[in-house]
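Listed here are the chains, written in short residue letters.
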Amino acid sequence: MAERQKIDARGAFCPGPLMELIAALKLADIGDEVDVWSSDKGSASDIPAWCAKVGHAVVETSEHDGYWSVVVRKAK
Amino acid sequence: MSSKPLYVMLCSGEHEKIQLAAMVASVAAVSDRPVEVFVTMNAVLAFERGKSPAERYQGGHFHEMFKTQNVPDAIELFGQGKMLGEMKMWACSMVLDLKHWECDKHLTEDLFDGPMGLAKFLADAETGELVTI
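The present account deals with the structure reproduced in this document. By convention here, each chain's residues receive numbers from 1 onward along its written sequence. All chains are assigned letters beginning at A, and all ligands numbers beginning at 1, according to the order in which they are written. Only residues with pLDDT of at least 70 are given local features in this predicted model, and only at 80 or more are side-chain atom pairs given and counted; all residues enter the totals for whole chains, interfaces and linings. Computation of side-chain values covers all heavy atoms of the structure but excludes hydrogens and water.

## A look at the pattern of salt bridges
Salt bridge, as applied in this entry: a Lys or Arg side-chain nitrogen positioned within 4 Å of an Asp or Glu carboxyl oxygen. For the coordinates displayed, the defined rule picks out 11 salt bridges over all chains. A salt bridge links Arg4(A) to Glu33(A); the nearest nitrogen and oxygen atoms lie 2.8 Å apart. Residue Arg4(A) is found in strand 1 (residues 4-8), and its partner Glu33(A) is found in strand 2 (residues 33-38); the two are separated by 29 residues along the sequence. Burial classes: relative accessible area under 20% of the type maximum marks a residue as buried, over 50% as exposed, and values in between as partly exposed (1.4 Å probe, protein chains only). For Arg4(A), a relative accessible area of 46% puts it in the partly exposed group. For Glu33(A), a relative accessible area of 14% gives the class buried. Across the pair Glu129(B) and Arg33(B) runs a salt bridge, and its minimum N-O distance is 2.4 Å. With Glu129(B) in strand 5 (residues 129-132) and Arg33(B) in the loop between helix 1 (15-29) and strand 2 (35-39), this residue pair connects regions lying 96 residues apart in the sequence. Look at Arg33(B) and you get buried, because its relative accessible area is 19%. Shared partners join several salt bridges into a network, and the residues in it are Arg4(A), Glu33(A) and Arg73(A). Numbering of helices and strands runs from the N terminus, with a helix taken as a DSSP run of H or I at least four residues long and a strand as a DSSP run of E at least two residues long.

## So, the pairing of strand 4 (residues 68-73) of chain A
Residues and elements named next belong to chain A. The buried count for strand 4 comes to 5 of 6 residues, which makes it a mostly enclosed element. In this description, strands pair whenever DSSP reports at least two bridges between them. Pairing between strand 2 and strand 4: 6 bridges, direction antiparallel. Each bridged residue has a counterpart across the sheet, and for Glu 33 the counterpart in strand 4 is Arg 73. One ladder, built from 6 bridges, connects strand 3 (residues 57-63) with strand 4; its direction is antiparallel. Counted as the bridge partner of Val 58 is Val 72 from strand 4. What sits between the antiparallel neighbours strand 3 and strand 4 is a turn of 4 residues, in which Gly 66 has the positive phi angle 90 degrees.

## Let's talk about the packing of aromatic side chains
Residues and elements named next belong to chain B. Note on aromatic pairs: the rings of Phe, Tyr and Trp (six-membered ring only in Trp) are paired at centre separations within 6.5 Å, and the planes decide the class, stacked below 30 degrees, edge-to-face beyond 60, tilted for the rest. For the coordinates displayed, the defined rule picks out 6 aromatic pairs over all chains. Judged by centre distance (5.7 Å) and plane angle (75 degrees), the ring pair of Tyr 7 and Phe 121 falls under edge-to-face. Linking Tyr 7 in strand 1 (residues 6-10) with Phe 121 in helix 8 (residues 118-125), this pair joins segments that are 114 residues apart in sequence. Judged by relative accessible area, Tyr 7 falls into the buried class, the value being 5%. A ring pair is formed by Phe 38 and Phe 121, whose centres lie 4.9 Å apart and whose planes are at 20 degrees; its orientation type is stacked. Remark: Phe 121 occurs in helix 8 and Phe 38 occurs in strand 2; sequence separation between them is 83 residues. For Phe 38, a relative accessible area of 1% corresponds to the buried category.

Now the structure itself:
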């Protein structure tokens, strides 16, 4: 059964949140989701661009109080 | 399908330029792009084995902010690029000769794939895109 993991990367600067996401995806199973929380403004566009490049799926992106949540599903 | 390889020639010893090189190389490597980094001139000094971050990184407007805020360490970023992507790092053989250094004795552990001459790096770089920092 697919799982969703949360990574709280708030406070980390570029490219820290992206690198934390990638490390988590390496260990995840296909279909699992990782929800990255980032206060780095670039993450909301960087993470979807990275997913489009390497072939993972962005499930949702949402802005909260001072941070963004980007949910990524491991697709390969 | 992999992208065209990226070749990074890092020659500056300034903190913010080493940081930029680490960001460019590591993000490209984890984006399915093969990366090769050639470290030469003053930049080699930042990779001396056993140095503390305070000794390793010098100069640039953002130097103090990098140190006091939660910015990823450049050496660690290079290491993540190698671990999570396809990335190789080479130390300039001329600089090593001048300093009487060897990669596996005098440079940061587990980062460099070996020494390399400039002609070989430039020849390899013809297959991709070359960025000099």
